[in-house]
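Remarks on the overall topology
Residue strings, one per chain:
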Amino acid sequence: MTLTLYAMLRRTLFLFCLTLLISCSSYNSIDSFYNAHKNDNQVTAVRVPRFMLSLISNISPEMKSLVGNTKDLRYMQFPSATPARTEFLNKQMNGITGNSFIEVYRKNDNLKRNVVSIREKRNAVKEILIYNNNAVNGSFLYFNGNFDPVKVREMAKSDEFQKLGDGLIDQFNMGTPGINSQEGDNQSDGGS
C-alpha cells in the first residue's frame, strides 16, 4: 500500500515539474528562438532599445500609439528556402504560440504562414507576435508592453504589422541581399 502511494506521489511530482518546466519554457521561447537564430547565415535581427523606439513611431500614427506602450521590440528576417527548413521554422513558431498565445489571425497556404498571436492579461494585450513565412523567407515581429486589444485586432486586419516590419528595415537601413530587398537595391544602384 505505501509503495503504491509512493509511486503515485512520485508520478504526480514528476508531472507537476514537467508542467512547470513547459509553462516556463514557453514564456521564454521568444528569447530562445531569437538567440538560437540571430547568428544564422543571412539573418537580419533587430532588437530595438527603448530609447530608439521614437524613431519607429514615425512610420504611421497607428504605430506611434502602439510603440508608445512598447517595452521590448524585436524583428528578425531569416531564409526559409527549403521545404524542410520552412516546416522546421513553422513548427518552432507553433510551439511558441501554441500554449499561451491566442491566435488573432492565421492564414495557411501549404507551408506558407501568416500568423498574428497575442498574449493577454486581464483587459490588456501584453505580447504580440507576428510570424510570416512565404517558403522563401520568414520573419517575426515581437512586441512586449501594454496594448489595447481592439487596436491590435484592427492593425492585424489592416496589415499594419507587416508595414512596421518593412519600416523597421528601412529605418535602420538594414536591407540585406536576398531577403526582400535585393530587387529594390539592384534597381537603386543601377539608376544612380
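Preceding this section is the structure that the text describes.
1. Looking at the pairing of strand S2 (residues 70–79)
With respect to burial, S2 is a largely interior element, eight of its 10 residues being buried. One ladder, built from five bridges, connects strand S1 (residues 44–48) with S2; its direction is antiparallel. Each residue of the ladder has a partner; that of Val-46, found in S2, is Tyr-75. The sheet contact formed by S2 and strand S6 (residues 137–147) spans nine bridges and is antiparallel.

2. Some remarks on the packing of aromatic side chains
By the definition in use, this model includes three aromatic pairs. Between Phe-33 and Phe-140, the ring centres sit 5.6 Å apart and the planes meet at 75°, which makes this aromatic pair edge-to-face. Of this pair, Phe-33 sits in helix H2 (residues 29–37) while Phe-140 sits in strand S6; the two residues are 107 residues apart in sequence, bridging distant segments of the chain. You can call Phe-33 buried: its relative accessible area is 5%. Measuring from centroid to centroid gives 6.1 Å for Phe-143 and Phe-147, while their planes differ by 80°, and the two rings are edge-to-face. Take Phe-147: its relative accessible area is 3%, and that puts it in the buried class. Each member of the aromatic cluster is reached from another via a ring pair, and the members are Phe-33, Phe-78 and Phe-140. Positioned over the ring face of Tyr-34 is Arg-74, at 5.4 Å from the centre of the ring.

3. Focus on the nonpolar core
Of all hydrophobic cores here, the largest spans 17 residues; its most connected members are Ile-128, Ile-130, Leu-141, Phe-143, Val-152 and Phe-161. Membership of the second largest hydrophobic core comes to 14 residues, among which are Met-76, Phe-101, Tyr-131 and Phe-140.

4. Some points on the sheet that holds S1
Taken together, the six strands give an open sheet; going across it, the order is S1-S2-S6-S5-S4-S3, and neighbouring strands pair in antiparallel fashion. Each having just a single partner strand, S1 and strand S3 (102–109) make up the two edges of the open sheet. Sheet twist, expressed as the mean angle between neighbouring strand axes with direction ignored, is 5°. Along the sheet, helix H5 (residues 83–98) contacts S2, S3, strand S4 (112–121), strand S5 (124–133) and S6; its crossing angle with S5, the most-contacted strand, is approximately 170°. Contacting S3, S4, S5 and S6, helix H6 (residues 149–157) runs over the sheet at an angle of about 175° to S4.

5. Here's the deal with the side chain of Asn-133
Assignment of secondary structure puts Asn-133 in strand S5. At 2.9 Å, the side chain of Asn-133 forms a polar contact with the side chain of Tyr-131. For Asn-133, the contacting residues outside a window of four places in its chain are Ser-80, Thr-86, Leu-89, Asn-90, Leu-111, Lys-112, Arg-113 and Gly-138.

6. Observations concerning unusual backbone geometry
Unlike most non-glycine residues, Arg-122 shows phi in positive territory, near 60°. Looking at the element boundaries, Arg-122 is found in the loop between S4 and S5. Its relative accessible area of 75% is what places Arg-122 among the exposed residues. Of note, the phi angle at Ala-135 is positive, near 70°, even though the residue is not glycine. Of note, Ala-135 is situated in the loop between S5 and S6. Accessibility expressed as a relative area gives 25% for Ala-135, which makes it partly exposed.

7. Here's the deal with H6
All of the buried residues in H6 are Pro-149, Val-152, Met-155 and Ala-156. The arc enclosing the buried residues of H6, seen along the axis, measures out at 125°, which places them on a common side. One or two residues past the end of H6 sits Asp-159, with phi positive at roughly 65°.

8. Some thoughts on the packing of H2 against H5
Relative orientation and spacing of two packed helices are given, respectively, by the angle between their axes and the distance between those axes. In contact at an axis separation of 9 Å, H2 and H5 are set at 155° when each is read in the N-to-C sense. Classified by the interaxial angle, the pair formed by H2 and H5 is roughly antiparallel. The element H2 and its partner H5 pack so that their crossing is right-handed. Along the contact surface, H2 presents Ser-29, Ile-30, Phe-33 and His-37, while H5 presents Arg-85, Phe-88, Leu-89, Gln-92, Met-93 and Ile-96. A breakdown of the residues in the contact of H2 with H5 according to their chemical character gives six nonpolar, three polar and one charged.

Reading the values: the criteria
- Residues numbered from 1 in each chain as written.
- Predicted model: local features only at pLDDT ≥ 70, side-chain atom pairs only at ≥ 80, totals over all residues.
- Heavy atoms only, no water.
- Buried < 20%, exposed > 50% of the residue type's maximum accessible area, 1.4 Å probe, protein only.
- Helix = DSSP H or I, 4+ residues; strand = E, 2+ residues; numbered from the N terminus.
- Pairing = 2+ DSSP bridges.
- Phe/Tyr/Trp six-rings, centres within 6.5 Å; stacked < 30°, edge-to-face > 60°.
- Lys NZ or Arg CZ within 6 Å of the ring centre and 35° of its normal.
- Core = buried A, V, L, I, M, F, W, Y, C linked by side-chain atoms within 4.5 Å.
- Axes fitted to C-alpha atoms, helices over the stretch in contact; angles between N-to-C directions.
- Contact = heavy atoms within 4.5 Å.
- Polar contact = N/O pair within 3.5 Å; in protein donor to acceptor, adjacent residues only side chain to side chain.
- Arc of directions from axis to C-beta.
- Parallel < 35°, antiparallel > 145°, perpendicular 65-115°, else oblique.
- Left-handed = near helix turned anticlockwise from the far one by under 90°.
- Nonpolar A, V, L, I, M, F, W, Y, C, P; charged D, E, K, R; others polar.

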